[in-house]
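Here's the letter readout for the chains.
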Amino acid sequence: MKVGIVGAGMVGSAAGSALALRGGASEVVFVDRNAALAQAQAEDISHAVPFAHPCRLSAGEYDALEGAEVVILAAGVAQKPGESRLSLLSRNADVFASVIGGVRAAAPGAMLLVASNPVDIMTQVALRASGLPPERVIGSGTILDTARFRSLLGAHLGIAPQSVHAYVLGEHGDSEVLAWSSARAGTEPVARFGAQIGAPITEEVRATIDAGVRRAAYRIIEGKGATWYGIGAGLARIVQAIRDDQGAVLSVSVVAPEIEGVPDIALSLPRVVGRKGVSATLMPEMSETETAALRASAEVLKESTQGLW
Ligand SMILES: NC(=O)C1=CN([C@@H]2O[C@H](COP(=O)(O)OP(=O)(O)OC[C@H]3O[C@@H](n4cnc5c(N)ncnc54)[C@H](O)[C@@H]3O)[C@@H](O)[C@H]2O)C=CC1
Ligand SMILES: CC(=O)C(=O)O
């Protein structure tokens, strides 16, 4: 599968590298307003291919995206230390206004996979600008937060994160909701599993894991300026679900007519992802507190779009 990546910075290049290393694409093309950067990323990643899977890497203008089946949108500005994702909205909406037309003209059949922040609202921006159906404009949403949640829960319980089935819902951002009620370790509710193995999930443990997930981006940006490996792998995971028509259940963001009473909203829920994009949305079991938090997260996102269109 040919994959285009618009925005060859940290996130775009990490996605390209993850695709090459995982065998997630047969061809990756970078487009960036900084053409020299796009070219350099393609050349650098191509030197990993002899150690990985066959994959052609190149860079070009928008017309080089012709034939791409998925185009990852990772162009725009990123947070500075202490900055929230939502503060990037107007700047990145302007970037998308200049990007989406070029992508659609060159690759009209491509699905769009949005990474730029604030990713839920940028998914709505991309949907409106592209005219594609909602199931074909997918935001990476909380795929990264879900990975962080599974990783921390796995570490606490002493099991592989792949054996933890837990999701982060809502905004990819400060109002996100860790869905503890539906979290499982293997087949067991995590609280029961933790109690059985002598690693109880106390209020203190929950609070530590919550902060570990919710504040991860702020901590990492403070330490190294940006985050890229986690989201790069997450984007490659979504592409593979599409390419292989996996029907994988992933927490991604698409525009929905209504969620928890909030109309026309993009946020993350567990969704079935395959060749046609998102084919189903699942509403997990939630406590009253979690349901209220999901509604509040939807309201935060809705509020942030006021005046945007
Ligand atoms: N969804 C997620 O989980 C995550 C999202 N992000 C977001 O991804 C975005 C990219 O982050 P980084 O790669 O760290 O930033 P970066 O600054 O390293 O890369 C952004 C790239 O976009 C390019 N660009 C800007 N305007 C453009 C335009 N009009 N046309 C073409 N290219 C353009 C720049 O030249 C630059 O190479 C940010 O919005 C960041 O917040 C970052 C990490 C995780
Ligand atoms: C930057 C960002 O959105 C993250 O690492 O979660």
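Treat the numbers as computed from the prediction; the structure is a model and nothing was measured.

(A) Just the packing of helix H3 (residues 89–106) against helix H4 (residues 119–130), in detail. For the pair H3 and H4, the least separation of the axes is 9 Å and the interaxial angle reads 35°. Note that H3 runs across H4; the crossing there is right-handed. For the pair H3 and H4, the contacting residues are Leu 89, Asn 92, Ala 93, Phe 96, Ile 100 and Arg 104 in the first and Ile 121, Met 122, Val 125, Ala 126, Ala 129 and Ser 130 in the second. For the contact of H3 with H4, the class distribution of residues is nine nonpolar, two polar and one charged.

(B) Representation of the environment of Arg 243. Note on placement: Arg 243 falls in helix H9 (residues 229–243). Judged by its relative accessible area of 25%, Arg 243 falls in the partly exposed class. Through-space distance from the C-alpha of Arg 243 to that of Asp 32 is 24 Å; in sequence the pair is 211 residues apart. Dropping the residues within four chain positions of it, Arg 243 is found in contact with Met 1, Gly 23, Gly 24, Ala 25 and Arg 275. There is a polar contact of 2.8 Å between the side chain of Arg 243 and the side chain of Asp 244.

(C) Representation of the domain arrangement of the chain in the model. The domains assigned to the chain are domain 1 (2–139) and domain 2 (142–306). Summarising the inter-unit geometry, the C-alpha centres of domain 1 and domain 2 are found 22 Å apart. Together, the buried faces of domain 1 and domain 2 total about 3,300 Å²; carbon and sulfur atoms form 64% of this surface. Notably, a salt bridge pairs Arg 275 with Glu 69, separated by 2.3 Å at the nearest N-O pair. In this assembly, domain 1 and domain 2 are joined by 11 residue pairs in polar contact (both at pLDDT 80 or more). Counting only elements with at least two residues in the side of domain 1 that touches domain 2, the list comes to helix H1 (10–22), strand S4 (70–73), strand S5 (111–114), H4 and strand S6 (137–139). Along the lines of polarity and charge, the residues of the side of domain 1 that touches domain 2 split into 22 nonpolar, nine polar and nine charged.

Thresholds, definitions, all that
For every chain, the first residue of its written sequence is number 1, and the numbers climb from 1 along that sequence. Naming scheme: in the order in which they are written, chains are lettered from A and ligands are numbered from 1. Only residues with pLDDT of at least 70 are given local features in this predicted model, and only at 80 or more are side-chain atom pairs given and counted; all residues enter the totals for whole chains, interfaces and linings. Side-chain measures were taken over the full set of non-hydrogen atoms in the model, leaving aside hydrogen atoms and water. Every angle, taken between N-to-C directions, lies between 0 and 180 degrees, and every axis is a line fitted to C-alpha atoms, over only the stretch in contact when it is a helix. Secondary structure elements are defined from DSSP: runs of H or I of at least 4 residues count as helices, runs of E of at least 2 residues count as strands, and each element is numbered from the N terminus. Handedness of each helix crossing follows the sense of rotation of the near helix against the far helix: counterclockwise by less than a right angle gives left-handed, clockwise gives right-handed. Here, two residues are considered to be in contact whenever any of their heavy atoms come within 4.5 Å of each other. Ten residue types, Ala, Val, Leu, Ile, Met, Phe, Trp, Tyr, Cys and Pro, are classed as nonpolar, four, Asp, Glu, Lys and Arg, as charged, and the remainder, Gly among them, as polar. Each residue is assigned to one of three classes by its accessible area relative to the maximum for its type, calculated with a 1.4 Å probe on protein chains only: buried under 20%, partly exposed between the two thresholds, exposed over 50%. A 3.5 Å cut-off defines polar contacts: any pair of N or O atoms within that distance qualifies, except that in protein one atom must be a possible hydrogen donor and the other a possible acceptor, and neighbouring residues in sequence count only when both atoms are side-chain atoms. In this entry, domain limits derive from an automatic or database-based domain assignment. Summed over both partners, the accessible area lost on bringing two parts together, with a 1.4 Å probe, is the buried area. For this analysis, a salt bridge means a side-chain nitrogen from Lys or Arg found within 4 Å of a carboxyl oxygen belonging to Asp or Glu.

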